Amino acid sequence: MEPFLGSLLHKSMDSGGADAVNAVLPLLKLLSIAVIGSLIAHPKFQFVPKETFRILSKLVFVLFLPCLILNHLVSSISLKNFILWWFIPVNVVVSTALGAVLGYSVTLICRPPPQFFRFTIIMTAFGNTGYIPLAVVSSVCHNNTNNPFGSECYDKGVAYVSFSQWIHVILVYTLVYHMMEPPLEYYEIVEGGEEEEEVIVHEIEELEEEEPVDNGLSRPLLVEAEWPGLEDKETEHCKKPFIARLFNSIPVISQTNIPDFDSMEDGTPPSPKSIKCIAEPKVVKKIRIVAEHTPIRQILQPPVFASLFGILIGIIPGLKSFAVGSDAPLGFITDSLDIVAQATVPSVMLVLGGMLTEGPNESKLGIRTTVGIVTARLLVLPLIGIGVIYLADKWNFLVQGDELYRFVIFLQYTTPSAILLAAIASLRGYAASEASALLFWQHVFALFSLALYLIIYFNLLLVYA
């Protein structure tokens, strides 16, 4: 294979025109479905009520998407492929780290309001590695006889995208969950008798509008697009600057659920359960407390469980032959899963169209910072991704001769921020309105940035295919 960037010097005008068509047509297909969703969900027409879209998003989350992931991972993955595909999840971490550095640069240039410093970094770093890449791959591979990646495009493409899901969800439910806690400087602790009461100062009140009574329709559709049942996930400390107070030795309010990490110093006799042969270092104790209050159990959501289960079945030859193939005893089950899975992409795009119909919420992030995040995420990060893929290809980290593999890795740098971030923001009570508004604008402009970079990708990847 010729050098990765060397293809830029040799591509012809004819191939460039064909690549432009191949890049734009898949997006037009997806846009058409999203427009239909917008029309039937628009308040002016109200062909379909908002609650129907909520139910549809839940079906995608708990049924359609897991069936899609499970079916295609089982049929495509093997022990050999599991080893060959190692760079796909690693690239999620690499793209997130580079996005975080880029987000920090945005904070230095655009100077967002102080309370949105961490928010700016998060929204720049964490892209959508699930629904959007699946929709793009499905649209590109829709015609198995006339697509740029061959007859196995759809099965392999979905398997590649699904293989990256688990690492992204782990990062969101651990790192992002704690980074999205409300800023400590907008809280103050006031002593009141024997107990300490928390008073929220006026700045934080500006960040959190008083929520109306939840009647099932007050929460934006965007919030539940990737996390149905969000209202059941709230805990005592999810809307408080817990970690900042913990590591700054500020006493917490509830002493029933969180141990007082200073009790070892003030002479208070420890409980029998806390007696250990070796004293636990203070830092280790604080880290343990953070781990105990991390929603680890939420990681095993249906799509992630389907990914892990599909990988397990796929890498064990005996199980795979039992479930996949025309002569497989359980082949009828995989066939039925495939029928259900075909509803995933159209349902996702309909929900996305309904989500965009709600429009952007009010945001205190500022136009300059909003433009900075959108530009960094949709225009600058994909350019960095091209350099990463070039180096990875040069160092033989990628599967040789598999252009679809490179295409899926490219998509991890080009998508807008993950919709799940809006759900986390709502859960933590931090910048929820700003997240909703920013995701709206990102998805609008992603139509143009994706078209631009798909043309570039197709020129880079397929000129010698």
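In this text the structure is predicted, and so the values were computed from the model without any measurement.

Conventions we followed
Residues numbered from 1 in each chain as written. Predicted model: local features only at pLDDT ≥ 70, side-chain atom pairs only at ≥ 80, totals over all residues. Heavy atoms only, no water. Salt bridge = Lys/Arg side-chain N within 4 Å of Asp/Glu carboxyl O. Helix = DSSP H or I, 4+ residues; strand = E, 2+ residues; numbered from the N terminus. Buried < 20%, exposed > 50% of the residue type's maximum accessible area, 1.4 Å probe, protein only. Core = buried A, V, L, I, M, F, W, Y, C linked by side-chain atoms within 4.5 Å. Contact = heavy atoms within 4.5 Å. Patch = residues over 30% accessible without salt bridge, like charges linked within 9 Å, V, L, I, M, F, W, Y side chains within 5 Å. Areas by Shrake-Rupley, 256 points an atom, 1.4 Å probe, with all protein chains shown as cover.

**Some details on the pattern of salt bridges**
Counting across every chain of the model gives 2 salt bridges. Aspartate 402 serves as the salt-bridge partner of lysine 156, at 3.4 Å between the closest nitrogen and oxygen. Placement of the pair is lysine 156 in helix H7 (residues 153-163) and aspartate 402 in the loop between helix H17 (367-394) and helix H18 (403-414), with a sequence separation of 246 residues. Relative accessible area serves as the criterion here: at 26%, lysine 156 is assigned to the partly exposed category. Put simply, arginine 406 and aspartate 393 hold a salt bridge, and the shortest N to O gap is 2.6 Å. With arginine 406 in helix H18 and aspartate 393 in helix H17, the pair connects residues that are 13 residues apart, well separated along the chain. One exposure class covers both arginine 406 and aspartate 393, and it is buried.

**Notes on the nonpolar core**
Residues Trp85, Phe119, Val136, Tyr405 and Phe407 are the most contacted members of the largest nonpolar core, which totals 103 residues. Here valine 136 is in contact with Leu30, Phe407, Leu411, Leu450 and Leu454, once residues within four sequence places are set aside.

**Brief notes about unusual backbone geometry**
Residues other than glycine seldom take positive phi values, yet arginine 111 does so here, at roughly 50 degrees. Along the chain, the position of arginine 111 falls in the loop between helix H4 (87-110) and helix H5 (117-125). Despite not being glycine, alanine 431 shows a phi value in the positive range, around 55 degrees. Tracing the sequence through the fold places alanine 431 in the loop between helix H19 (420-428) and helix H20 (432-462). Here alanine 431 falls in the buried class, since its relative accessible area comes to 0%.

**Some thoughts on a nonpolar patch on the surface**
On the surface, a nonpolar cluster with roughly 1100 Å² of combined accessible area is contributed by Val24, Leu25, Leu28, Leu31, Val35, Leu39, Phe45, Phe47, Trp441, Phe445, Leu447 and Phe448. The element that contributes the greatest number of residues to the nonpolar patch is helix H1 (residues 13-41), accounting for 6 residues. Position of leucine 447 among the secondary structure elements: in helix H20.

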